[in-house]
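# Report on the structure
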Amino acid sequence: MSHLMGWLCHYTPVEILTALGYTPYRLLGREGNNPRATTYLLGNLCPYVQSCLEAAIRQELPPLDGVVIARSCNAMIHLANVWPHYGAGGKTIVLDVPRRLNEDAIFYFSQNLRQLAVEAALAGQQRLDEKRLWAAITWWEEQRTTWRRLLTRRAAGEEPPAGKEIIEGLSRWQTSPNLREADKLEEVITRPAHLLRGKAPSQPRLLLVGSILPWELITMVEECGGLSVFEDSCNGRRLLLNPTTTAVGEGDPYLYLARLYLESPPCPRMVSDREKRRRYWAAIVDQFPIQGIIYHVMKFCDAALYDFLDLKVFCEKRELPLLRLDGDFSGGNRGQWQTRLEAFLEMLEVR
Amino acid sequence: MDIYQLLHSHLGNALRRRAFKSPWTYRILRQAVAAQKKHYPWQAAHRLLLNTIDQTAAAFLQKGPVVWHNVFFPVEILYGLGAIPFAPEAAAVVATGLGIGGEALRRAESDWVSSEACSFHRLAHGCDREGYFPPPGAVVCSSHLCDTAPQSLATVAAYHEVPFYLLDVPHRQDAAALNYVARQLKSITFSLVASLSLEWEGERFQEAIVHSNAARERLLAVNRLRQQHPACIRGEEAHSFIYPMLAGFGAATSVEVYGQLAAELGRRYREQRRAVPEEKARLLWLHLRPYYPNTIFHLLEQEAGAVVVFEEMSHVYWQPLDPERPFYSLARKVLSHHGLGPMSRRIAAILSMVDAYKAGGVIHFAHWGCRQSTAGLRLLQDALREREIPFLNLEGDCVDQSKYAPGATRTRLEGFLETLL
Ligand code: SF4
Ligand code: SF4
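Residues numbered from 1 in each chain as written. Chains lettered and ligands numbered in written order. Predicted model: local features only at pLDDT ≥ 70, side-chain atom pairs only at ≥ 80, totals over all residues. Heavy atoms only, no water.

## Quick look at the layout of surface pockets
As a reminder, the rule being used: Using a grid of 1 Å spacing that covers the protein atoms alone, one calls a set of points a cavity when a 1.4 Å probe fits there but cannot get out, and a pocket when the set is open and has protein on both sides within 12 Å along at least five of seven lines; lining residues are those with an atom within 4 Å of a point. Grid points are joined across faces, edges and corners, and a volume is the space filled by probe spheres set on the points. In this text, helices come from DSSP runs of H or I with a minimum length of four residues, and strands from runs of E with a minimum of two, each type numbered from the N-terminal end. Three residue categories are used. Nonpolar comprises Ala, Val, Leu, Ile, Met, Phe, Trp, Tyr, Cys and Pro, charged comprises Asp, Glu, Lys and Arg, and polar comprises the others, including Gly.
Counted as a void, the second largest pocket has a volume near 500 Å³. Forming the boundary of the second largest pocket are 20 residues, of which Leu309, Asp310 and Val313 of chain A together with Ala158 and Tyr159 of chain B lie nearest the centre. Every element with two or more residues in the lining of the second largest pocket is listed here: α11 (274–287) and α12 (302–318) of chain A together with α8 (119–129) and α9 (148–160) of chain B. Top element by residues in the lining of the second largest pocket is α12 of chain A. It accounts for 9 residues. Its residues assigned to classes, the lining of the second largest pocket shows 6 nonpolar, 2 polar and 12 charged.

Spelled out as structure tokens, the structure:
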């Protein structure tokens, strides 16, 4: 049985975990309410984070050697506080992730990553060999490249598989306890490709945006007759990062990783990187003729609450229809979402 | 006359937005406040008010470049540059006092600012868009503790099309973190000089550091006096002196205010002038308080004799700054905040306050939307329970009066007092 190491935020360089001999296992929360987690994480806090804690308390997670919690937002910071007391046991490793992008931040992040490699090392393990780390970096990059290719083809309307399939595939890819077994992985990535459809349908082409998107939203969009073309979320396209211009295998691998993660399309938490985020939206809208945007605002996610305002300005400037749906990650908003979605899609079809 | 009534009578007309931009407003206000000097039970509060009027006037009359900042940003930098600091969270408190909170919150709502966000920032958004706040020349914000502030202030900067500078504060307190923060502070300082066309004056910058240290010394003196038994200042009165803590370090005026407060407090202790006739319990207050009219402190202090002897916001958590190494020592100050890093730091700081001020109970005011202060309270609750210190998490909103339920609040406070007295 491989050693599983849990992680949550997509700013966690899983390459380091792989190189250390772990199988990175993403905590993606669970369906339903979180009554037990809310007794430990009080108040109005991100339901994704609460959901992950709930899963741990209910012992619904596979046995983990530990968990890496990136202190990327207030909710994660608080999760890092309570996890050692009420979480799933094992090590709790916290990682500081800068909220800005410049050479200084990249350098600082690289120092934290070096520290992460030390703190996460298995008992008796020596200093992480850089060759192993480069090998893990290469391996992950190959995986992501395959995914990116598939998602780009789908977004471009070249025989797209359904969003639901993609998302299920991505979920399995992040949580497979046998991730390192190449044949199984191949299966996970190529499975959606087997489901390619004959012709690109003529449904309204949508961009879905949010911090982390609940899967049932994508399913529902498609059930209601929309086409989820691109998911700008950290369990969707942002998860796949962007390739860097730096060559793999040269220089400091920690610096490489810091650059890879910080330079990738920013999450709403990267507050001083908003201009880059706007350019990212513009590129998606232009490249994959987007007809409407749906923003899923995760309850109590301050980053998403304000990111939405920015997107609203963006949409007004481009005269793009925008629908805001609020959710608590529990799958409990179906009725309300459906009515609003149907009205939105109808409006798009009339346009 | 209450200062807000005074302001209201002057500004409460259709032209009040314009009134903020008229020098006459501040002249009249200043004269009126100055004339009432002897009606102020604390001369330090009177001084603080005059200083605040002056600073507000400077911002509204654009007597220099106005730089918006959040309350955790080290404002010594702004004073050191000769800029006019403006803290929207603090201004939201004034707006609440002036009774324009409802209008501002409605505006924020109509602009789609979610009601799940902190109401200090929602209110500030509304005031800004309604033209109640002075427009910024630049915006600076620190990322530590609060997630809303950077998001909200970045939105302000984008709206006014002015530069936004984020101070990214990590949670570790090691050398790498220190250097990372110090380098940013230096870069923000010189970026402000360039973007606002300021004159860099090394001496003025050093002076701000010296003022900050002097204010710190005086605040420490105030805090030492507040540790004495029985209390000579009520928590409700002491709360007004949080303002310099949030926006005044680096200004000469804060040295003056804390100095005066220390002197007055010392005198009252010598004269044995008690805060309440009979001190029955001593309380520690965590986070902020509601700023609209409410009876919380009256009930606790005047009715029940449970005096709030200290508030977390007045805790001096940092070491003196080194004028020779301003950026490095400001970075150390920022990283020293007890709310940063693991919750165990905040718990340790709170327990040390409980001991120092001999508090028999702790109240946390859980401001709606403030995740940083509230979410981790379970661990604090456990730590206090272990020491058998009664704890109340009082839910409410600091600035949104519509969230205030007087009956329910009273019931909760009375229940808490029963465990205490
Ligand atoms: S939304 Fe951003 S901060 Fe939150 S988990 Fe995803 S990447 Fe991390
Ligand atoms: S009350 Fe909390 S959320 Fe609001 S500005 Fe203050 S720290 Fe931020």
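## Here we look at the environment of serine 202 of chain A
Relative to the assigned elements, serine 202 of chain A resides in the loop between α8 (182–194) and β5 (205–210). Along the primary structure serine 202 of chain A and glutamine 59 of chain A are separated by 143 residues, whereas in three dimensions their C-alpha atoms are 44 Å apart.

## Focus: the pattern of salt bridges
Any two side chains of opposite charge can pair, given that their charged atoms come close. Residue and element names in this part refer to chain A. Inclusion rule: When a carboxyl oxygen of Asp or Glu is within 4 Å of a side-chain nitrogen of Lys or Arg, the pair counts as a salt bridge.
If you walk through the whole model with that rule in mind, you get 43 salt bridges over all chains. Among the salt bridges present, the one from aspartate 326 reaches arginine 324, with a minimum N-O distance of 2.8 Å. Through salt bridges that share partners, Asp232, Arg238, Arg277 and Asp307 make up one connected network.

## Topic: the site of ligand 2
Basically, it comes down to this: A single heavy atom is enough: if one lies within 4 Å of a molecule or strand, its residue is considered near that molecule or strand.
Every residue near ligand 2 is listed here: Phe72, Cys118, Phe120, His121, Cys146, Thr148, His287, His367, Gly369, Cys370 and Gln372 of chain B. Its residues assigned to classes, the shell around ligand 2 shows 5 nonpolar, 6 polar and no charged.

## Brief notes about the interface of chain A and chain B
The condition is simple: Any two residues whose heavy atoms approach within 4.5 Å are treated as being in contact. Two parts placed together each lose some accessible area under a 1.4 Å probe, and the buried area is that loss summed for both. Definition of a polar contact: a pair of N or O atoms within 3.5 Å, with one able to donate and the other able to accept a hydrogen when the atoms are protein atoms, and with sequence-neighbouring residues admitted only if both atoms are side-chain atoms.
Facing the 47 residues of chain A at the interface are 45 residues of chain B. Note on chain A versus chain B: buried area summed over both sides is about 4000 Å², and carbon and sulfur give 54% of it. Together, Leu42, Tyr108 and Tyr306 of chain A form the three largest contributors to the area buried by chain A at its contact with chain B, with a combined 16%. Summed over the shared surface of chain A and chain B, the number is 5 salt bridges. Here aspartate 147 of chain B makes a salt bridge to arginine 99 of chain A, at a shortest N to O gap of 3.3 Å. There are 26 residue pairs in polar contact (both at pLDDT 80 or more) connecting chain A and chain B. Sorting elements by how many residues they give to the side of chain A that touches chain B places helix α5 (residues 103–120) of chain A first, with 8 residues. In the side of chain A that touches chain B, the residues fall into 22 nonpolar, 11 polar and 14 charged.

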